[in-house]
Amino acid sequence: MTGTGPTGITGPRTVRAPRGTALSSQGWQQEAALRMLQNNLDPEVAEHPEKLVVYGGTGKAARDWRSFDAMVRTLQSLKQDETMLVQSGRPVGVMQTHEWAPRVLIANSNLVGDWANWEEFRRLESLGLTMYGQMTAGSWIYIGTQGILQGTYETFAAVAEKLHSMGKGVNGTLAGTITLTAGLGGMGGAQPLAVTMNGGVAICIDVDPRAISRRIEHRYLDVQAKNFAHALQLATEARDKRQPLSIGLLGNAAELLPQMLAEGAPIDIVTDQTSAHDPLAYLPVGVSFDDMASYAAEKPADFTQRARESMAKHVEAMVGFMDAGAEVFDYGNSIRGEAQLAGYERAFAFPGFVPAYIRPLFCEGKGPFRWAALSGEASDIHKTDKAILDLFPENESLHRWIKMAQEKVHFQGLPARICWLGYGERDKAGERFNEMVADGTLAAPIVIGRDHLDCGSVASPYRETEAMLDGSDAIADWPLLNAMVNVASGASWVSIHHGGGVGIGRSIHAGQVTVADGTKLAGEKIRRVLTNDPGMGVIRHVDAGYDRADEVAAERGVRVPMREGGDA
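Structure report, in brief. Only a predicted model underlies this, so the values are computations on that prediction, with no experimental measurement involved. (Residues numbered from 1 in each chain as written. Predicted model: local features only at pLDDT ≥ 70, side-chain atom pairs only at ≥ 80, totals over all residues. Heavy atoms only, no water.)

### Quick look at the environment of Leu 52
Line of reasoning, step 1. Examined against the element boundaries, Leu 52 turns out to sit in the loop between α1 (28-40) and β1 (53-55).
Line of reasoning, step 2. Exposure remark for Leu 52: the relative accessible area of 2% places this residue in the buried category.
Line of reasoning, step 3. Between the C-alpha atoms of Leu 52 and Glu 316, which are 264 residues apart in sequence, the distance is 34 Å.
Line of reasoning, step 4. Contacts of Leu 52, omitting those with residues within four sequence positions, involve Leu 41, Gly 59, Lys 60, Ala 61, Ala 62, Arg 63, Asp 64 and Trp 65. (Helix = DSSP H or I, 4+ residues; strand = E, 2+ residues; numbered from the N terminus. Buried < 20%, exposed > 50% of the residue type's maximum accessible area, 1.4 Å probe, protein only. Contact = heavy atoms within 4.5 Å.)

Next comes the structure, spelled out in structure tokens:
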């Protein structure tokens, strides 16, 4: 049993979540955690499943294969009043709790302040003592590139509205514009489809030919250009015809962006989603992609320095496009911080995407609500899509999103869907899903979760909490309170992570997953979790002084003690 899979295999193997209604665990709460852990490592989902890496450079689902097997074995035997404890991808204990308690509690990559840096993390990782959990990799609720797609779509929609106010674009879309970006991994791979969904043209650079091929295969990317000149030709032709088109371009952004800037490429929008949060996952100029892994492993300090110097060139070109009139923003991968470490003084000349476009949504408790069908049947997602549309008939942007997602989104692993819902909406959707499981409309239970990139679950001064109104960017109490309230509310599993999205030392964030298994108990848990979880986003922004959050709290009955009585 020790260190071996169910077929006696030790180490890497193909993992795929079971489908259907047959249980291999003691109940659906445990079965859901088991299937979502396995789904994170499905070859359709994970970037490097043989290494247990799900997405985001080195974001893992389990510390090692022995730990993976132990988690599978434990989830299969876990009782309804027991909780498995996971420390950085390794199960370290099972405690007797109660039926309202989470079945799994997860803590990933957490380090004490003075030790919270990549060098110390890698030392501990080399000793087998920790792992990098990213956000939804180590918390078992990654659903493939779709997981970030609507957030990316909403961001580019906000960009389109801004450009429209400046006389660019067509009718609040990106038609007639060209976006330049890099990174086609598990998260960045959403960019090309998000741009074309908004009617624009995108040139998307990546150093890995497999990433480009994978995005074309999954219909997130339209075509691959032969070279730099061909990419610009395709882009300008499509722009002039007002036709959406996404173009993959093989190369290093730190070389190609300066070249495009120098040649006066007609770029309207610039951003980036390379794995810049981890310097060992960013290819330095002058290093071949084939040599990247060995060089990073053998000379990490030298590699890191060269990567940061390359990022400085990359960011300098982004600033150059901004100076030339392009709309430029950081998409939350910490590339500005890394460029600053390399000595580039104007690294923060352009804003992050949250303060620029997304924070008004956070004030309303809105964020990336997602769900997956444990049956494995696409029809269950189609039924839940209809339920969402029926629940919120007046929400035109939501209807537009669901219909586009049905047409364009390729399921990876277990069928799943994402849509941004706010306070007072998520609980309604969750309860409706639970009713549909109970009455047999759905073939099997539904897993309901979200990205850690949410309205009230993150402290990340380079991303979600950048430029807070009251200066509270680095206050990390909020994600801890978020995790605790989700435990108290009855979530199925809860996680607290460090460093996701932006790198070690730069963020603390929490996640929750709740299972709609059709029982009355599940319904009660869903009502509390999916009310309180987004409620954290409202009170976080009330406390920071945002008027819109104050209005939402007053309108929807969110209690804020400092706004009550004589303190109101």
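### A closer look at the nonpolar core
Line of reasoning, step 1. Counting residues in hydrophobic clusters, the biggest one holds 104 residues, and the most contacted among them are Trp 140, Phe 433 and Trp 493.
Line of reasoning, step 2. Examining the composition of this core, we find that seven residues originate from one element, helix α4 (residues 146-165), more than from any other.
Line of reasoning, step 3. If near-sequence neighbours (up to four positions away) are discounted, Trp 140 is found in contact with Ala 33, Met 36, Leu 37, Asn 40, Ala 61, Met 71, Leu 75, Met 84, Val 86, Val 104, Ile 106 and Trp 493.
Line of reasoning, step 4. Judged by nonpolar contacts, the second largest core, of 48 residues, contains Ile 203, Ala 225, Tyr 282 and Phe 350. (Core = buried A, V, L, I, M, F, W, Y, C linked by side-chain atoms within 4.5 Å.)

### Remarks on the pattern of salt bridges
Line of reasoning, step 1. Across all of its chains, the model carries 31 salt bridges by this definition.
Line of reasoning, step 2. The partner of Arg 527 in a salt bridge is Glu 431, and the shortest N-O contact between them spans 2.8 Å. A residue pair is termed long-range when its members are at least 10 positions apart, and Arg 527 in helix α17 (residues 520-543) and Glu 431 in helix α15 (residues 426-438) qualify at 96 residues.
Line of reasoning, step 3. A salt bridge links Arg 432 to Glu 435; the nearest nitrogen and oxygen atoms lie 3.4 Å apart. Of the two residues, Arg 432 and Glu 435 are both situated in helix α15; the distance of three residues between them amounts to about one turn of the helix.
Line of reasoning, step 4. When its relative accessible area of 29% is taken as the criterion, Arg 432 is described as partly exposed. (Salt bridge = Lys/Arg side-chain N within 4 Å of Asp/Glu carboxyl O.)

### Let's talk about the sheet that holds strand β11 (residues 327-328)
Line of reasoning, step 1. Pairing in this open sheet of six strands is parallel, and the strands run β8-β9-β7-β6-β10-β11 from one edge to the other. A single partner strand is all that each edge strand has here, and the edge strands are β8 (223-224) and β11.
Line of reasoning, step 2. Sheet analysis places β8 next to strand β9 (residues 245-250), joined by two bridges and oriented parallel. Across the sheet, the residue bridging to Gln 224 is Gly 248, located in β9.
Line of reasoning, step 3. Packed onto the sheet, helix α7 (residues 228-240) meets β6 (178-182), β7 (201-206), β8 and β9 and runs at close to 170° relative to β9. (Pairing = 2+ DSSP bridges. Axes fitted to C-alpha atoms, helices over the stretch in contact; angles between N-to-C directions.)

### A short note on the pairing of β7
Line of reasoning, step 1. The buried fraction of β7 is high, at six of six residues.
Line of reasoning, step 2. Burial along β7 is two-sided: the residues Val 201, Ile 203 and Ile 205 and Ala 202, Cys 204 and Asp 206 are all buried.
Line of reasoning, step 3. Sheet analysis places β6 next to β7, joined by five bridges and oriented parallel. Bridge pairing in β7 links Ile 178 to Val 201.
Line of reasoning, step 4. Traced from β6 through helix α5 (residues 191-197) to β7, the parallel crossover comes out right-handed. (Right-handed = clockwise from strand over helix to strand, strands pointing away.)

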